[in-house]
Amino acid sequence: MKLKKLKSDTTQTLNVNAKKEFTVDTSNQMIVSILRDKLYSNKIAAVCREVASNSRDANREAGNTQTPVIISISNEGLLDEGMSISFKDSGVGISPSRIDNVFLKYGSSTKRDSNNQTGGFGIGAKTPFAYTNEFLISTVSEEEGKRLHNVYQAVISNEGGQEVSQLLLVSSNETTENTGTEIIIPIQDRDEAEFVSECLKATILWDVQPELIVGGSNKMKSVKNLIKEEGFKVIYGTYNSDLFDTKQDGLILQIDGIPYSLNISQVGRVDSVIQNHIESSRLLDMRTRYYYENTHRNTVITFETGELTLSASREEIEYTKSNIDKIYEKFQNAENCIVEMIMNDFESIDSTLGKIGIYNFYRNHSNTDNTKWFNLELKGMLQDYFKKYGANKTVEEHSPEYKSYGNLKDMSDRQMDFFLIKSGERFSFSKKNKINGLRPDINTVKNHLFVLKTIGESNAYAKNITLQNKVIKDGKEGVIFMNGLNYLDVGQEQENAFLDLLKETGVEVIEYSEVERAKVQRSYSSTGVKKDVSLGSIYARRMHIGNGWGQYLSSSKLKMEYNKKEKFITDFDFRNEQEKKNVIIPIGGYADLKDLDKVKLSIHSTICKNEAKNINRFKVTPKAEGTEIVEDLEVGYEHTCKLLLSYGYNLIFVRRGDIENVSNDKSVIVGLTKASKDLMKNKNFIKDLVNNSRISTIKEVSSFAKGSYSYDKYFKSELNKKMLLIGGLDINKMKTPMKEIEVNSDSNRLFQGEALAQLSMQLSNKVKGRDFSGYLTQEKIDNTLDSLTKTHPLLHFLHNELEGASSWRCNEYDVVDSKTGETTKRGTDLMLEKVMNLIDKELEKLKK
């Protein structure tokens, strides 16, 4: 980084006889100790950021700008034992004549005359000393026609009570290898996850991302650009980092690919006006979470190297007036750019109704089509981003006339009433279905059938059947009826603003008077006056399952006709779905059908719980284990309903007394118990259930792949292995996958629960698949450790203390040298020894 030359102001001085300059005592190891150890608040982050940046700079210096840096964490390499992290570049290497300036001199740097490289303070190369007392430099360089491979060891030793930093030449050989440098740093096993996280944080925004190899696989996360303009961008991806994963869109500053969070409080100490503008901006008030999915979005202001000055540690920017002004200028440009994009998108829509629709989409709080954000096309993502930004306010500022199109009633000049009949519901023009206040967005117009009906025109059942069939055929969500005066005078059609908007957009508007009557079987005599006395009516409720995140149940009114003498159903209201199996479900004696009309209906409180006949229970009997009596497991009433609805059943709730009226009808299934037994014959259900269970099992098994965090936690810890051995689990005899197993889809919440898990086990032989029963899982470990609470409670307690976050309590047992004050033995290590002795004694008892 090209450093700016400081300009000192001319000051008046006293009469002086001599002048001396401040210098640094290079022999003072305390200064060196401060630079290497006291400079960084987060030492692991400093190592990852500085060493990775130096490796990238080496590639740039050699002209290999598109070659990725290789970061590896493993137990293999030049170090004899233990875990290490290495940073490997494809640069020109560090020649013997250059090595001293790079690693031995604090403050010495080769990067001060260029903004093509990140460093400049002459400190970064020594950053590993902030974390460890030794690291290796393996470098291949070419000098005077010879290509040498030199390996150096940088160490800090204690000589005569004084800390001394040294660079030792370990080996030197001529080679034909490509030039480049690898920095190898020993790390503690417990710090592996943090090193991965900090490497991701430091490098995820690089134009050419490094490879982050852990356990043989690349852990680098992808970042996509939703918006990319001069000076700012909006990114999204599945990254996991405490810097990016915030509830709001925190503003991130990117300097040569390295992210820094903006400290608003520090800005306010220098310029409160800029602080207030940034804090009140919509950019800082945007939700970045989408339907609880692990996908996040952030706004990034981008700077080149040298545009902003940094602190000496490079952990944060300097909050100077100059820096803040530059940030604010780019911040304002980002706001202006977003506003321009919103209005360009708005003006590109060629119809007034289309513009009203997108304006109302921005104005509505919820996403009406419930599509997951990252499954949208880029245009949909952008529009959702504009919505979160508050694009409706932007449209109102530039085109205030659209603010008057607040809802359907406003758009129709108050000459119509609007009714929404959802697909599958009975046609009625009740207060419940009135939607005058609806703000129609683009999906409302696209997903519904529009029907113009005159006030006073009778509601024809046969026409409604025609419309209902058309809704299903066209794939619409329902019908929007426009009910109003169609004529002022005889033969003169009345103008209506909303009708004009629909016609301008090309939306089909159906005249209710012209709808053909469907041919339906009626229970009337040939005269059409007298009803067949042999037929009776049953009023019921038909259940539906929503498409939203919660998949809530809802109901619609239903009327059935039955033959009184023969006791079977003669007619349903939903003839178009007769291919589905119909399930009749009785409600309890203390419930009413109206209870199912509530927005938040309770199936559990409405269902008929007839214990004598078990008419509405979905039971799963676990496989017998030994001589123990195992109780039946039950699937909840609501859960059972959702399963049946998902696999093609019509669920019809009736009063308990009406069951007798259709007792001879063999075409319907009576009760959830029979329906669940019928569901057990469904091959698709069995396949989905078993595969879903396998997905969960595969994910659990996969977490123990060799080199994974869980694998290392249990297989590399003698404490954990021996504790599990006491509980009867020898993990060395359990299988673990060689690498992570990829799974195509996520676990389905529909199949959750102990009963369905047991059912899945029983049905697993009907679906081909790999047997994972012999593999190690977290469930087996947890069950084993839980068993120790009864058999070895003391060991269980001590194990939790040493393995859990509460292990800090062992610090009071640290052994401290009374003369030097240094800790000679950590309390955690001391307690671990004693607990291991107890465990070994217990294992000896078990062997006997």
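Details of the structure are given in the entry above.
## Thoughts on the packing of helix 20 (residues 718-726) against helix 24 (residues 827-847)
At a minimum axis distance of 10 Å, the contact between helix 20 and helix 24 shows a crossing angle of 30°. Judged on the interaxial angle alone, helix 24 and helix 20 are roughly parallel. Considering the relative orientation of helix 20 and helix 24, their crossing is left-handed. Across from Glu718, Leu719, Lys722, Met723, Leu725 and Ile726 in helix 20, the residues of helix 24 making contact are Leu832, Val835, Met836, Ile839, Asp840, Glu842, Leu843 and Leu846. The residue inventory of the contact of helix 20 with helix 24, partitioned by class, reads ten nonpolar, no polar and four charged.

## So, a negative patch on the surface
On the surface, Asp207, Glu229, Glu230, Glu304 and Glu340 cluster together into a patch of negative charge. Looking at the element boundaries, Glu304 is found in the loop between strand 13 (296-303) and helix 7 (321-347). Owing to a relative accessible area of 54%, Glu304 belongs among the exposed residues under this scheme.

## Things to note about the environment of Ser404
Among the structural elements, Ser404 can be located in the loop between helix 10 (391-398) and helix 11 (408-411). Taking the C-alpha atoms as reference points, Ser404 and Ile356, separated by 48 residues in sequence, lie 9.9 Å from one another. A distance of 2.7 Å separates the side chain of Ser404 from the backbone oxygen of Glu401, its partner in a polar contact.

## Quick word on the side chain of Asp658
By the element assignment, Asp658 lies in the loop between strand 26 (649-654) and strand 27 (668-670). Excluding residues within four positions of it along the chain, Asp658 makes contact with Ile538 and Tyr539.

## Focus on the pairing of strand 7 (residues 211-214)
Only one face of strand 7 is covered, namely the one carrying Leu212 and Val214; the face carrying Glu211 and Ile213 has none of its residues buried. Of the strand pairs in this sheet, strand 1 (residues 70-74) and strand 7 are connected by four bridges, and their pairing is parallel. The residue of strand 7 that forms the bridge with Ile73 is Val214. Inspection of the sheet shows strand 7 paired to strand 8 (residues 217-218) by two bridges, in the antiparallel sense. Bridging from a neighbouring strand, Ile213 pairs with Asn218 of strand 8. With antiparallel pairing between neighbouring strands as the criterion, strand 7 and strand 8 make up a hairpin whose turn holds two residues, including Gly215 at a positive phi of roughly 60°.

## Concerning the nonpolar core
In terms of nonpolar packing, the biggest core is built from 107 residues, with Phe103 and Phe498 touching the most fellow members. For this core, the leading source of residues is helix 7, giving ten residues. Leaving out residues up to four positions away in the same chain, Phe498 has contacts with Leu353, Leu408, Met411, Ser412, Phe418, Phe450 and Met482. Within the second largest apolar cluster, 39 residues are counted, among which are Phe618, Leu645, Leu651 and Leu756.

## Remarks on the packing of aromatic side chains
Applying the stated criterion across every chain, the model contains 14 aromatic pairs. Centre to centre, the rings of Tyr711 and Phe715 are 4.4 Å apart; their planes meet at 15°, and the pair counts as stacked. With Tyr711 and Phe715 both in helix 19 (residues 709-715), this residue pair falls four residues apart, about one helical turn. Residue Tyr711 is classed as buried on the basis of its relative accessible area, which comes to 16%. Residue Phe715 is classed as buried on the basis of its relative accessible area, which comes to 14%. A cation over a ring is seen here: Arg56 above Trp206, with NZ or CZ 4.2 Å from the ring centre. The ring of Tyr512 has Lys463 lying over it, and the distance from NZ or CZ to the ring centre is 5.2 Å.

## Some details on the pattern of salt bridges
All told, the structure shown has 29 salt bridges when counted by the stated rule. For Asp597, the salt bridge goes to Arg541, with nearest N and O atoms at 2.7 Å. Of this pair, Asp597 sits in the loop between strand 23 (581-586) and helix 15 (603-606) while Arg541 sits in strand 20 (residues 535-545), and the two are 56 residues apart along the sequence. Assessed through its relative accessible area of 8%, Arg541 is described here as buried. Residues joined by salt bridges that share partners form a network here, namely Arg56, Asp57, Arg60 and Asp256.

Reading the values: the criteria
- Residues numbered from 1 in each chain as written.
- Predicted model: local features only at pLDDT ≥ 70, side-chain atom pairs only at ≥ 80, totals over all residues.
- Heavy atoms only, no water.
- Axes fitted to C-alpha atoms, helices over the stretch in contact; angles between N-to-C directions.
- Helix = DSSP H or I, 4+ residues; strand = E, 2+ residues; numbered from the N terminus.
- Parallel < 35°, antiparallel > 145°, perpendicular 65-115°, else oblique.
- Left-handed = near helix turned anticlockwise from the far one by under 90°.
- Contact = heavy atoms within 4.5 Å.
- Nonpolar A, V, L, I, M, F, W, Y, C, P; charged D, E, K, R; others polar.
- Patch = residues over 30% accessible without salt bridge, like charges linked within 9 Å, V, L, I, M, F, W, Y side chains within 5 Å.
- Areas by Shrake-Rupley, 256 points an atom, 1.4 Å probe, with all protein chains shown as cover.
- Salt bridge = Lys/Arg side-chain N within 4 Å of Asp/Glu carboxyl O.
- Lys, Arg positive; Asp, Glu negative; His and termini not counted.
- Charge placed at Lys NZ, Arg CZ, Asp CG, Glu CD.
- Buried < 20%, exposed > 50% of the residue type's maximum accessible area, 1.4 Å probe, protein only.
- Polar contact = N/O pair within 3.5 Å; in protein donor to acceptor, adjacent residues only side chain to side chain.
- Pairing = 2+ DSSP bridges.
- Core = buried A, V, L, I, M, F, W, Y, C linked by side-chain atoms within 4.5 Å.
- Phe/Tyr/Trp six-rings, centres within 6.5 Å; stacked < 30°, edge-to-face > 60°.
- Lys NZ or Arg CZ within 6 Å of the ring centre and 35° of its normal.

The values reported here are purely geometric and, on their own, carry no functional implication.
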